[in-house]
Amino acid sequence: GRPFDKEAQARLWTIDSNAEPFEGSGPAARPIVASWLVDRLPIDVAFPVDGTRIAVVSTDATGKNSRLDVAGVARDADGTPTTLAGNTIRLGTALSQIREVVWLSPTDLAVLAGPKGKAQPYLVTLGDVITPLGGVEGADHITTAGGARNLAVRDVEGHLLVRAGASW
């Protein structure tokens, strides 16, 4: 989340999804400690299916110098995230303007990187092997319905393109 107060730090938050349905104000959002996000603005977050790690795309305070970090997630006895590992794996360092991330498997992520209107999808492994999945004119959003075979990209005109072999 981004703070309303310009002096406050941006941070990640969690809400207990196992709590009773919202009544009144509902369960309170709790901040997640991530020291490596100090002076950074989180712009996209993704969890793999097992929830043991988190991938965070963040920028500096001016919205530039994006980066992709993967960190372990510590949870309390109820399974609620409480903190993120102090050390991260920085991935996709060869890519500029990383905008979005989605987990495809326990070891693979897909990212959308590049300037608005010219962004392209890439496969990024936890070993930081980057594979371009280009060929999407005006890519604007990336998602998956489960794994690399179900990777989809929405373009700026609202068309949804699904990965079919080596093309879209």
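Residues numbered from 1 in each chain as written. Predicted model: local features only at pLDDT ≥ 70, side-chain atom pairs only at ≥ 80, totals over all residues. Heavy atoms only, no water.

A word on the pattern of salt bridges. One pass over the structure, following the stated rule, counts six salt bridges. With a shortest N-O distance of 3.9 Å, Arg30 and Asp76 are connected by a salt bridge. Here Arg30 is found in strand 2 (residues 30–32), whereas its partner Asp76 is found in the loop between strand 5 (67–75) and strand 6 (81–84), with 46 residues between them in sequence. Because the salt bridges share partners, they merge into one network encompassing Arg67, Asp69 and Arg90. (Salt bridge = Lys/Arg side-chain N within 4 Å of Asp/Glu carboxyl O. Helix = DSSP H or I, 4+ residues; strand = E, 2+ residues; numbered from the N terminus.)

Among the nonpolar cores identified, the biggest contains 15 residues, and Ala55, Leu68, Leu95, Ile98, Val101 and Val111 are the most heavily contacted of them. When contributions to this core are tallied by element, the ones reaching two or more residues are strand 4 (53–60), strand 5, strand 8 (98–103), strand 9 (108–113) and strand 10 (120–125). Residues Leu112, Leu133, Val136 and Ala139 belong to the second largest nonpolar core, which totals 11 residues. (Core = buried A, V, L, I, M, F, W, Y, C linked by side-chain atoms within 4.5 Å. Buried < 20%, exposed > 50% of the residue type's maximum accessible area, 1.4 Å probe, protein only.)

Summarising burial for strand 4: eight of the eight residues are buried, a large majority. By the bridge criterion, six bridges tie strand 3 (residues 40–46) to strand 4 in an arrangement that is antiparallel. Across the sheet, Ala46 pairs through a bridge with Ala55, a residue of strand 4. The antiparallel pairing of strand 3 with strand 4 creates a hairpin that spans six residues between the two strands, and Gly51 there sits at a positive phi of about 70°. Here strand 4 runs beside strand 5; their pairing, made up of six bridges, is antiparallel. The residue of strand 5 that forms the bridge with Val57 is Leu68. Hairpin geometry of strand 4 and strand 5 is characterised by an intervening segment of six residues between the two adjacent antiparallel strands and by a positive phi of about 85° at Gly63. (Pairing = 2+ DSSP bridges.)

Attention now goes to the sheet that holds strand 10. Either a parallel or an antiparallel arrangement is found when strands of a sheet pair, and the pairing is made through backbone hydrogen bonds. What the four strands build is an open sheet, ordered 8-9-10-11; its pairing is antiparallel. Each edge of the open sheet is held by one strand with a lone partner, namely strand 8 and strand 11 (130–132). The sheet shows a mean angle of 25° between the axes of neighbouring strands, taken without regard to direction. Where strand 10 lies against strand 11, three bridges are found, and the strand directions are antiparallel. If you follow Val124 over to strand 11, its bridge partner there is Ile130. (Axes fitted to C-alpha atoms, helices over the stretch in contact; angles between N-to-C directions.)

As for its placement among the helices and strands, Ile130 is situated in strand 11. Here the alpha-carbon distance between Ile130 and Gly92, two residues 38 residues apart in the chain, equals 6.8 Å. For Ile130, the contacting residues outside a window of four places in its chain are Gly92, Ala94, Leu95, Tyr122, Leu123 and Val124. (Contact = heavy atoms within 4.5 Å.)

Time to look at the environment of Thr52. Checked against the element boundaries, Thr52 lands in the loop between strand 3 and strand 4. Overall, the relative accessible area of 38% leaves Thr52 in the partly exposed class. Along the primary structure Thr52 and Pro106 are separated by 54 residues, whereas in three dimensions their C-alpha atoms are 9.5 Å apart. If sequence neighbours within four positions are ignored, Thr52 has contacts with Ala71, Gly72 and Val73. At a separation of 3.0 Å, a polar atom in the side chain of Thr52 contacts the side chain of Arg53. (Polar contact = N/O pair within 3.5 Å; in protein donor to acceptor, adjacent residues only side chain to side chain.)

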